[in-house]
Amino acid sequence: MRLHFSPASPYARKVLVVAHEAGLEAHVETVPAAVSPVTTASDVVGDNPLGKIPCLVTDEGEPLYDSRVICEYLDSRHSGHKLYPHEGPTRWIALRREALADGICDASILCRYETFLRPKDRLWQDWLDGQTQKVQRALDRLEEEVATFPILPDIGQIAVAVALGYRDFRFADDDWRAARPKLAAWHATFAERPSMQATVPVG
Ligand code: 99T
């Protein structure tokens with residue numbers, strides 16, 4: 001399998017953490033890609049017309065995107081502990097938690113593009129404030145929920161750990177831990193997993 005990825009992307013990290021947890025990391029060849037929302041000059045577009053990463057090309061040559069599709073595909077390719085619970089409330093809560101964590105990444109990346117890519121004279125402060133509030137509300141919700149996280153890792157927890165790692169990586173000035181001690185303690189432990197250690201973001 002071939003993965004178009006960037007070591008800075010939280011979505012690509014989520015895929016790689018899943019690959020490690022599933023014991024499939026040796027089967028995933030990583031191909032670095034430089035992507036941007038304002039240019040189509042990327043090797044990725046042949047496999048993903050949206051030009052976004054991650055994009056996995058299976059051994060059969062089938063491109064898969066986005067990260068949720070890829071993660072569930074990888075989880076279907078091993079017989080160990082499943083990261084996507086098959087049924088019942090644990091499944092829906094894990095999927096909701098993945099959506100919440102991905103939403104933190106979505107809003108964070110919109111802020112990143114707004115400050116890093118948009119010409120400074122066109123910066124839209126209300127937009128930045130609105131996206132930042134989404135992130136803060138989602139983090140508050142996770143602080144409330146963290147005591148109910150399952151003992152064994154699932155896709156919800158992986159997505160949350162990756163989203164928090166992305167906040168540390170790109171938004172180090174936002175001390176999310178200060179008002180969220182339970183989430184901070186959980187993250188400190190989860191971040192020690194070999195899958196997390198092997199995928200620390202680089203930019
Ligand atoms: O928007 C673009 O055209 C290029 N951006 C991306 O490809 C980002 C890279 S993270 N990926 C996504 O937006 C994928 C989101 C999708 N829903 C998924 O896969 O889950 C780059 C972060 C950084 O450099 O800080």
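None of these values were measured; they are calculated from a predicted model.

Asks: Looking at this model, I keep getting lost on the packing of aromatic side chains. Mind explaining?
Replies: Geometry of an aromatic ring pair is reported as the spacing of the ring centres plus the angle between the planes. The final tally for this structure, using the stated rule, is 5 aromatic pairs. Between the aromatic rings of Tyr166 and Phe169, the centroid separation amounts to 6.3 Å while the plane-to-plane angle is 50°, which identifies the pairing as tilted. Taken together, the positions of Tyr166 and Phe169, both in helix α5 (residues 155-170) and 3 residues apart, correspond to about one turn of that helix. The class of Tyr166 is buried, set by a relative accessible area of 5%. Given a relative accessible area of 24%, Phe169 falls into the partly exposed group. One aromatic cluster is present, built from ring pairs that chain together Phe149, Trp186 and Phe190. Just above the ring of Trp92 sits the side chain of Arg91; from NZ or CZ to the centre is 5.4 Å. Sitting over the face of the ring of Phe116, Arg112 holds its NZ or CZ atom 3.9 Å from the ring centroid.

Asks: Which parts of the structure should I look at to understand the sheet that holds strand β4 (residues 63-64)?
Replies: Sheet strands associate in pairs through backbone hydrogen bonding, adopting either a parallel or an antiparallel arrangement. Across the sheet, 4 strands lie side by side as β2-β1-β3-β4; this open sheet has mixed pairing. Only two strands of the sheet have a single partner each, and these edge strands are β2 (29-32) and β4. Across 4 bridges, the pairing between strand β1 (residues 2-5) and β2 is parallel. When the bridges of β2 are listed, Leu3 appears paired with Thr30. Lying over the sheet, helix α2 (residues 67-75) contacts β1, β3 (55-57) and β4, oriented at roughly 40° with respect to β3.

Asks: So what exactly am I meant to see when it comes to the site of the ligand here?
Replies: Not every one of the 16 residues close to the ligand is listed here, only the nearest: Ile53, Ser67, Tyr113, Tyr166 and Arg170. The separation between a nitrogen atom of the ligand and a polar main-chain atom of Ile53 is 2.8 Å. Asp66 places a side-chain nitrogen or oxygen 3.0 Å from a nitrogen atom of the ligand. Expressed as a share of its isolated accessible area of 620 Å², the protein-covered part of the ligand is 86%. Mapped onto the shell around the ligand, the elements with two or more residues apiece are α3 (89-116) and α5. With 3 residues, the single largest contributor to the shell around the ligand is α3. Looking at side-chain class alone, the shell around the ligand contains 9 nonpolar, 3 polar and 4 charged residues.

Asks: I'm lost on α2 in this one. Help?
Replies: Spacing of three or four residues puts side chains on the same side of an α-helix, whose turn is 3.6 residues. For α2, every residue scored as buried is listed here: Ser67, Ile70, Cys71, Tyr73, Leu74 and Asp75. Against the buried residues of α2 lie β1, α1 (10-21), β3, β4, α3 and α5.

Asks: Explain the nonpolar core to me, please; I cannot follow it from the model alone.
Replies: Across soluble globular proteins, you tend to see nonpolar side chains buried next to one another. If you look at the biggest cluster of nonpolar residues, it comprises 51 residues, and the most contacted ones within it are Leu3, Leu56, Leu74, Val160, Leu183 and Trp186. Those elements giving two or more residues to this core turn out to be β1, α1, α2, α3, α4 (125-145), α5 and α6 (181-190). By residue number, the principal contributor to this core is α5, which donates 9 residues. Not counting residues within four places of it along the chain, the set of residues in contact with Leu74 comprises Met1, Val15, Val18, Ala19, Leu24 and Leu56.

Asks: Can you help me understand the packing of α4 against α6 in this one?
Replies: When two helices pack together, their arrangement is given by the angle between their axes and by how far apart the axes lie. For the pair α4 and α6, interaxial distance at closest approach is 8 Å and the crossing angle is 80°. One way to sum up the angle between α4 and α6 is to call them roughly perpendicular. Facing Leu139, Leu142 and Glu143 of α4, the residues of α6 in contact are Pro181, Lys182 and Leu183.

Asks: Quick question: what am I supposed to make of the environment of Asp168 here?
Replies: For Asp168, the location among the structural elements is in helix α5. Its relative accessible area of 27% is what places Asp168 among the partly exposed residues. With 108 residues separating them in the primary sequence, Asp168 and Glu60 have C-alpha atoms 37 Å apart. Non-local contacts of Asp168, meaning those with residues more than four positions away in its chain, are made with Trp176, Arg177 and His187.

Asks: Sorry, what's going on with the pattern of salt bridges here?
Replies: A side chain of one charge can pair with a side chain of the opposite charge if their charged atoms are brought near each other. Here the structure, examined in full by the defined rule, presents 12 salt bridges. In this structure, Lys14 and Asp102 form a salt bridge, with 3.0 Å as the shortest nitrogen-oxygen distance. Remark: Asp102 occurs in helix α3 and Lys14 occurs in helix α1; sequence separation between them is 88 residues. The class for Asp102 is buried, based on a relative accessible area of 5%. Arg180 is the partner of Asp140 in a salt bridge, and the nearest nitrogen-oxygen pair spans 2.9 Å. Separated by 40 residues along the polypeptide, Asp140 in helix α4 and Arg180 in the loop between α5 and α6 bring together distant segments of the chain. Judged by its relative accessible area of 38%, Asp140 falls in the partly exposed class. Note on Arg180: relative accessible area 6%, which makes it buried.

The rules we used
- Residues numbered from 1 in each chain as written.
- Predicted model: local features only at pLDDT ≥ 70, side-chain atom pairs only at ≥ 80, totals over all residues.
- Heavy atoms only, no water.
- Phe/Tyr/Trp six-rings, centres within 6.5 Å; stacked < 30°, edge-to-face > 60°.
- Helix = DSSP H or I, 4+ residues; strand = E, 2+ residues; numbered from the N terminus.
- Buried < 20%, exposed > 50% of the residue type's maximum accessible area, 1.4 Å probe, protein only.
- Lys NZ or Arg CZ within 6 Å of the ring centre and 35° of its normal.
- Pairing = 2+ DSSP bridges.
- Contact = heavy atoms within 4.5 Å.
- Axes fitted to C-alpha atoms, helices over the stretch in contact; angles between N-to-C directions.
- Near = heavy atom within 4 Å.
- Polar contact = N/O pair within 3.5 Å; in protein donor to acceptor, adjacent residues only side chain to side chain.
- Areas by Shrake-Rupley, 256 points an atom, 1.4 Å probe, with all protein chains shown as cover.
- Nonpolar A, V, L, I, M, F, W, Y, C, P; charged D, E, K, R; others polar.
- Core = buried A, V, L, I, M, F, W, Y, C linked by side-chain atoms within 4.5 Å.
- Parallel < 35°, antiparallel > 145°, perpendicular 65-115°, else oblique.
- Salt bridge = Lys/Arg side-chain N within 4 Å of Asp/Glu carboxyl O.

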